[in-house]
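Architecture and fold: a report
What follows is the residue order along each chain.
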Amino acid sequence: MGKLHERIDDRLREFIAKQPMFFVATAPDEGGHVNVSPKGYTDSFAVIDDHTFAYLDLFGSGAETIAHVRQNGRITIMFCSFTRNSNILRLFGTGRVVRPDSEEFDRLRPHFGLQHPGLRSIIVVDVERIADSCGYGVPYMELVDERPVLDKHQERRTADEWAERVAGVNAKSIDGLPALEPDHPLPTSIER
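Residues numbered from 1 in each chain as written. Predicted model: local features only at pLDDT ≥ 70, side-chain atom pairs only at ≥ 80, totals over all residues. Heavy atoms only, no water.

1. A closer look at the overall build of the protein chain
What counts, and what does not: Secondary structure elements follow DSSP: runs of H or I no shorter than four residues count as helices, runs of E no shorter than two count as strands, and numbering proceeds from the N terminus. With C-alpha atoms as the basis for the radius of gyration, the globule rule is written as 2.2 Å multiplied by the number of residues raised to the power 0.38. Summary of the burial criterion: residues with accessible area below 20% of their type's maximum are buried, those above 50% are exposed, and those between are partly exposed, where the area comes from a 1.4 Å probe applied to protein chains only. It only takes one pair of heavy atoms within 4.5 Å for two residues to be counted as in contact. Only four residue types enter the tally: Lys and Arg on the positive side, Asp and Glu on the negative side; His and the chain ends are excluded. By convention, the point assigned to a charge is CZ for Arg, NZ for Lys, CD for Glu and CG for Asp.
A count of helices and strands for the protein chain gives five helices and eight strands. Listing the helices and strands of the protein chain from first to last along the sequence gives β-α-β-β-β-β-α-β-β-α-β-α-α. Here the C-alpha atoms of the protein chain give a radius of gyration of 17 Å, agreeing with the 16 Å that 2.2 N^0.38 yields for 192 residues. By its C-alpha atoms, the protein chain is 50 × 40 × 30 Å across when sized along the principal axes. Counting the 192 residues in the protein chain, one finds 46% classified as buried. Put simply, of all contacts in the protein chain between residues at least 6 apart along the chain, 74% involve residues at least 24 apart. The distance from the centre of the 23 positive side-chain charges to the centre of the 30 negative ones in the protein chain is 4 Å.

2. As for the pairing of strand β2 (residues 22-26)
Heads up, the condition is: Two strands qualify as a pair provided DSSP detects at least 2 bridges between them.
Only one face of β2 is covered, namely the one carrying F22, V24 and T26; the face carrying F23 and A25 has none of its residues buried. Here β2 runs beside strand β3 (residues 35-39); their pairing, made up of five bridges, is antiparallel. Following the sheet pairing, F22 is matched in β3 by K39. As defined by bridge partners, β2 adjoins strand β6 (residues 74-80) across three bridges and the pair is classed as antiparallel. Note that in β6 the partner of F23 across the bridge is M78.

3. Here we look at the packing of aromatic side chains
Within a pair of aromatic rings, the relevant descriptors are the distance that separates the centres and the angle that separates the planes. The condition that has to hold: Classification of ring pairs rests on two measures: the distance between centres of Phe, Tyr or Trp rings, Trp counted by its six-membered ring, which must be within 6.5 Å, and the angle between planes, read as stacked under 30 degrees, edge-to-face over 60 and tilted in between. In this scheme, the term charge over a ring applies when either NZ of a lysine or CZ of an arginine sits within 6 Å of the ring centre and within 35 degrees of the ring normal.
Applying the stated criterion to the full structure yields six aromatic pairs. With a centroid separation of 5.5 Å and an interplanar angle of 70 degrees, the aromatic rings of F22 and Y55 are classed as edge-to-face. Separated by 33 residues along the polypeptide, F22 in strand β2 and Y55 in strand β5 (residues 52-58) bring together distant segments of the chain. The class of Y55 is buried, set by a relative accessible area of 0%. The interplanar angle of 50 degrees and the centroid separation of 4.7 Å between the aromatic rings of F59 and W162 together place this pair among those described as tilted. Taken together, the positions of F59 in the loop between β5 and α2 (64-72) and W162 in helix α5 (residues 159-167) put the pair 103 residues apart, joining distant regions of the chain. Across the pair, W162 and F59 agree in class, each one buried. Taken together through their ring pairs, the aromatic side chains of F22, F45, F53, Y55 and F79 make up a single cluster. If you follow R84 out to its NZ or CZ, it ends over the ring of Y140, 3.9 Å from the centre.

The structure is reproduced here in structure tokens:
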């Protein structure tokens, strides 16, 4: 049975901490493509307080989440348990993009492992609805390990290659919405 929660309490924090991955969903105001992205790395998600969470936004194939959050802020995060204790947790809220050159980024630093070479920003979400459901249809799966491929791939990029990504595939969403600003800090310039 589904249940609404008033806050991200200790039990929910414990559940979140045990999940090796989560999913991010965003959408433009009208038309366009709904985006759902799987996220990993256990050091990339942090509950900030009972109504706020944040996660590391790493460079990938595009910048859909950033474009959608910049346009309307709507975002949903979903955790689902793949162990014997079935549960799905959805956190609905309003997000914002925190650039690496901001004071807020510096305040959020202690919550994360910032060694990921493709670090782009932090997404902070003010939670408006917290709901869980049974998850009875989710299969049992065993975690083998975190996949190191993204970090290994990103560590080979040069500052010029990062600049090309900022100005290229990360400048707009697939629907043409603005994503990264031209002066967005490159991962190579972020203090670790």
